[in-house]
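If you want the building blocks of each chain, they are given just below.
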Amino acid sequence: PHPRRRITSGLMNAADQDWERLAALIADVIGHDAAGLRPDSVLAELPGWDSYANLQLIGAVEEDFSVVVTTDDIVRLRTTGDLLRYVQQHRGKGA
């Protein structure tokens, strides 16, 4: 018998879609291409990152993903992956 093949529809899964949306938001805020972003990218080390970019990104994330990011949580979100996990865990519980 033939081994079972995994059939994929070619569509991105929800996590990939979340990453694409988040990367696009980050790129828009800092004014750079999203292609260079990785889940382990440190937000504070991104070109164009400053406190204003941080505020802009949090506002965009809250609006786009329907989350509320608390001040305490902002301090803990160090990487783009941290922010992605936060969005996935808190989606629909705020804004």
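Note that the structure is a prediction, hence the values are computed from the model and not measured.

Visitor: Quick one: what's the story with the overall build of the protein chain, residue by residue and with numbers?
Guide: When helices and strands are tallied, the protein chain shows four helices and zero strands. Listing each helix as α and each strand as β along the protein chain from the N terminus yields α-α-α-α. Put simply, the protein chain has 95 residues, and 33% of those count as buried. Total accessible area on the protein chain is roughly 6,600 Å²; 50% of this is exposed by carbon and sulfur atoms.

Visitor: Hey, could you go over the side chain of D18 for me, with residue numbers and the actual values?
Guide: Tracing the sequence through the fold places D18 in helix α1 (residues 14–30). The residues contacting D18, other than those within four sequence positions of it, are F65, L84, Q88 and R91.

Visitor: Break down the packing of aromatic side chains for me, with residues and values.
Guide: This structure, assessed with the given rule, holds zero aromatic pairs. Stacked on the ring of F65, the Lys or Arg R21 has its end atom at 4.2 Å from the ring centre.

About the cut-offs
- Residues numbered from 1 in each chain as written.
- Predicted model: local features only at pLDDT ≥ 70, side-chain atom pairs only at ≥ 80, totals over all residues.
- Heavy atoms only, no water.
- Helix = DSSP H or I, 4+ residues; strand = E, 2+ residues; numbered from the N terminus.
- Buried < 20%, exposed > 50% of the residue type's maximum accessible area, 1.4 Å probe, protein only.
- Areas by Shrake-Rupley, 256 points an atom, 1.4 Å probe, with all protein chains shown as cover.
- Contact = heavy atoms within 4.5 Å.
- Phe/Tyr/Trp six-rings, centres within 6.5 Å; stacked < 30°, edge-to-face > 60°.
- Lys NZ or Arg CZ within 6 Å of the ring centre and 35° of its normal.

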